[in-house]
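Residue strings, one per chain:
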Amino acid sequence: MAVSYNTADLLVLAGVVVSLVAVRLYQLRSRKLPPGPRASFWAFGVNKALRKKPTEHVWKTFSAWGKQYGPLISYYLGNKPVIVITKADLAWELLEKRGDIYSDRPRQVMAQELLSRNLRLLGQRYGERFKKLRTIQTQGMSGHQALTYRQMQTYESAVLMRDILQDPAAISTHIQRFATSIVFSISYGTRIQNLDAEIVENNNLAVNHASRYMKPGAYIADTYPSLLWLPKPLQWFRYEPERLHKWMNELYIKLFREVAVKMENGTVRECASSRALTPGKSLGLTETELAWAVSAPFTAGVDTTKASSLVFILEMLHHPHIMKKAQEEIDRVIGDKRMPAFADEDQLPYLAALMKESLRWIPIAPSGVPHAVTKDDYFNGYFIPKGATVFANLRDMMYDPELFPDPEVFRPERFLDTKNPRLIDFNLPFGFGRRICPGLHVASQSLWIFMARLLWAYDILPALDADKKPVLPDLEAFVGMLVVQPARFECRFVPRRPDVVTVIEAEGLEADIELKAWD
Ligand code: HEM
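What you see is a predicted model, and the numbers here were worked out from it, not measured in a lab.

**Re the environment of Asp-474**
Thought 1: Its place among the elements puts Asp-474 in the loop between β8 (470-471) and β9 (478-480).
Thought 2: By relative accessible area, which is 48% here, Asp-474 ends up partly exposed.
Thought 3: Remark: the alpha-carbon pair of Asp-474 and Lys-32, spanning 442 residues in sequence, is separated by 42 Å.
Thought 4: Side-chain polar atoms of Asp-474 contact the backbone nitrogen of Glu-476, separated by 2.8 Å.

What follows is the structure, encoded as structure tokens:
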């Protein structure tokens, strides 16, 4: 039945809309948002401090604002309120304890809606689909499940130590291969021997596109989503992400279907894809949703592991006395006839503390990954409006003198002496609440075995200049946006004893044989 409206109906409708908008604007103006910079009218709501240098790391701006306005800050991006938290206890209070309303991600027109069609977990809006996609991750990477990857991580780290021996200058590439192979084995049951493989290049490209589109304030459609009301042919900004989406979709589905074929042939190695393809385990998700779900470890797990490993090397170059102390512990427990293994973990408390301090001193996700709030909320007398983006500026939290006295000092002992359960079980680098990094157990295992074996095998020494003087890499030179890593630097890896080489070669050979099961 056709419905017709008369002028009076339309006027009433317009009146209701205008009243609702007016009430909302009144609420936003009259309720007290946390303090912070306010953009001028002529800045069209885009804060000038963030506009000036779009490539500058936002955590630095947030940090400066924290000093000026306090630990809870607000500003506007377009007409969207953004909250920034710079103290961990406030973040735990909001993002963890009130996780039922602080677990959304901000609306991302470019990265999530156009490029990923709401399929990528990292930017996934909170809701039923998120819960299912997240379950796929937690099932595949829980603390318990992560234990089953230790064997593969042990062998991959043996290969990594041998790669460093053979070509130390290519350390960054070796670590990337190590990290890539681990996440690929977890997702698809297949290892990666060579980064030149087309499938790796394509996945890297997909990740690069995703992080490019996630940059806050970089795209006008993110600041002004109302541009989506334009007729489609006039939405110039959607063509490229939509074209890339099609390509990414084909990539992820192809990888997923290859596992299905292996399952039919009985040649599959258990992995996230095979579990998702097992009858009764798909949680009612479509093939496309599952294919994107199992791709998540690649998106979020390669750059992060690589960045943390490079950061560790950088920190050891700047703190040789701490490297020595950790090596003394390792030598005492392990000796020189074999490399450290996961079974030694409990006997290496200093190494465990060193790993935590390494993640604290240079957090590789310095401004965290933004959450969003799904209901109006009040905190400490401030109003936090529904829909606000919420950044937890991890870099500030790691340098909070109340939590970490003398925060500028690199001192692993702070994690040995502590009785604070938050520092004993230190997952602050991995985020908060229902969005906490689901890969944290896998990542911690990769980092632990890498650090243990690297320190057992090598002295990490600065590069030498033409006059044979040591050159320390710059601690301020970092590249990246959401995840940052040290700008390219040079250093030397010197085998600590002649028999180290023999052990590395023998364990490398054994790893080659054992890893054939993942080929
Ligand atoms: C040292 C290495 C790593 C660090 C520091 C790290 C850190 C983080 C952080 C801060 C978040 C956002 C949490 C939040 O929103 O509150 C995150 C999310 C995520 N991480 Fe990691 N991560 C690491 C390694 C990994 C690895 C190895 C994997 C997979 C194997 C992984 C998979 C993910 C996924 C899938 C998400 C998105 C979760 C969601 O949005 O619900 N991460 N990570």
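**Focus: unusual backbone geometry**
Thought 1: Notably, Arg-117 is not glycine yet its phi reads approximately 45 degrees, a positive angle.
Thought 2: Turning to its location among the elements, Arg-117 is positioned in the loop between α5 (109-114) and α6 (128-141).
Thought 3: The exposure class assigned to Arg-117 is partly exposed, which follows from its relative accessible area of 44%.
Thought 4: One non-glycine residue with positive phi stands out, namely Lys-468, at about 65 degrees.
Thought 5: You can see Lys-468 is positioned in the loop between β7 (458-464) and β8.
Thought 6: Residue Lys-468 is classed as exposed on the basis of its relative accessible area of 63%.

**A closer look at the packing of helix α8 (residues 150-166) against helix α21 (residues 498-514)**
Thought 1: The interhelical angle for the contact between α8 and α21, taken along N-to-C directions, is 130 degrees, at an axis separation of 8 Å. As the angle between them shows, α8 and α21 are arranged oblique. Seen along the crossing, α8 lies across α21 with a hand that is left-handed. Between α8 and α21, the contacting residues are Tyr-155, Ala-158, Val-159, Met-161, Arg-162 and Leu-165 on the first element and Val-501, Ile-504, Glu-505, Glu-507, Gly-508, Leu-509, Glu-510, Ala-511, Asp-512 and Glu-514 on the second.
Thought 2: Per-class residue counts for the contact of α8 with α21 are nine nonpolar, one polar and six charged.

**Section: the UniProt feature "binding site: heme" (unreviewed entry) in the protein**
Thought 1: The positions UniProt marks with the feature "binding site: heme" (unreviewed entry) are Cys-437.
Thought 2: With respect to the helices and strands, the residue Cys-437 is situated in the loop between α19 (421-424) and α20 (440-457).
Thought 3: Leave out the neighbours within four places in its chain, and Cys-437 touches Arg-134 and Phe-430.

**Digging into the pairing of strand β1 (residues 72-77)**
Thought 1: A large share of β1 lies buried, amounting to six of its six residues.
Thought 2: With burial as the criterion, each face of β1 is covered, one bearing Leu-72, Ser-74 and Tyr-76 and the other bearing Ile-73, Tyr-75 and Leu-77.
Thought 3: With six bridges connecting them, β1 and strand β2 (residues 80-85) associate as antiparallel partners. Its bridge partner being in β2, Leu-77 is matched across the sheet by Lys-80.
Thought 4: Counted between consecutive antiparallel strands, the loop separating β1 from β2 contains two residues, among which Gly-78 sits at a positive phi close to 65 degrees.

**Side note on the site of the ligand**
Thought 1: Neighbouring residues of the ligand: 27 residues in total, closest Arg-105, Arg-134, His-371, Phe-432 and Cys-437.
Thought 2: Backbone polar atom of Ala-300 to a nitrogen atom of the ligand: 3.5 Å apart, as the coordinates give it.
Thought 3: Within the side chain of His-371, a nitrogen or oxygen atom sits 2.8 Å from an oxygen atom of the ligand.
Thought 4: Looking at the shell around the ligand, the elements with two or more residues in it are α6, α14 (287-318) and α20.
Thought 5: No other element matches the seven residues that α14 contributes to the shell around the ligand.
Thought 6: Partitioned by chemical class, the residues of the shell around the ligand number 17 nonpolar, seven polar and three charged.

**Some details on the sheet that holds β2**
Thought 1: A sheet is described by the order of its strands in space; here four strands give the open sequence β1-β2-β6-β3, paired in mixed fashion. Of all the strands in the sheet, the pair left with one neighbour each is β1 and β3 (371-372).
Thought 2: Its contacts with the sheet place helix α4 (residues 88-97) against β1, β2, β3 and β6 (389-392), and it is angled at close to 130 degrees to β2.

**Description of α21**
Thought 1: Look at α21: 25 Å from first C-alpha to last across 17 residues, which is about the 24 Å you get at 1.5 Å a residue.
Thought 2: Listed as buried for α21 are Val-500, Val-503, Ile-504, Glu-507, Gly-508 and Ala-511. One side of α21 carries all its buried residues, which in axial view fall inside an arc of 130 degrees. Facing away from the buried side of α21 by more than 90 degrees, the exposed set consists of Pro-498, Thr-502, Leu-509 and Ile-513.
Thought 3: Packed against the buried residues of α21 are α8, α20, β7 and β11 (491-495).

**Some remarks on a nonpolar patch on the surface**
Thought 1: Where nonpolar side chains cluster on the molecular surface, the patch consists of Ile-220, Leu-230, Leu-234, Trp-236 and Tyr-239 and spans about 520 Å² of accessible area.
Thought 2: If you trace the backbone, Leu-230 turns up in the loop between α11 (220-223) and α12 (239-265).
Thought 3: Of the residues examined, Leu-230 reaches a relative accessible area of 30% and is grouped as partly exposed.

Reading the values: rules and limits
- Residues numbered from 1 in each chain as written.
- Predicted model: local features only at pLDDT ≥ 70, side-chain atom pairs only at ≥ 80, totals over all residues.
- Heavy atoms only, no water.
- Helix = DSSP H or I, 4+ residues; strand = E, 2+ residues; numbered from the N terminus.
- Buried < 20%, exposed > 50% of the residue type's maximum accessible area, 1.4 Å probe, protein only.
- Polar contact = N/O pair within 3.5 Å; in protein donor to acceptor, adjacent residues only side chain to side chain.
- Axes fitted to C-alpha atoms, helices over the stretch in contact; angles between N-to-C directions.
- Parallel < 35°, antiparallel > 145°, perpendicular 65-115°, else oblique.
- Left-handed = near helix turned anticlockwise from the far one by under 90°.
- Contact = heavy atoms within 4.5 Å.
- Nonpolar A, V, L, I, M, F, W, Y, C, P; charged D, E, K, R; others polar.
- UniProt positions renumbered as here; feature names shortened; annotations may be inferred.
- Pairing = 2+ DSSP bridges.
- Near = heavy atom within 4 Å.
- Expected span 1.5 Å × (residues − 1).
- Arc of directions from axis to C-beta.
- Patch = residues over 30% accessible without salt bridge, like charges linked within 9 Å, V, L, I, M, F, W, Y side chains within 5 Å.
- Areas by Shrake-Rupley, 256 points an atom, 1.4 Å probe, with all protein chains shown as cover.
- Salt bridge = Lys/Arg side-chain N within 4 Å of Asp/Glu carboxyl O.

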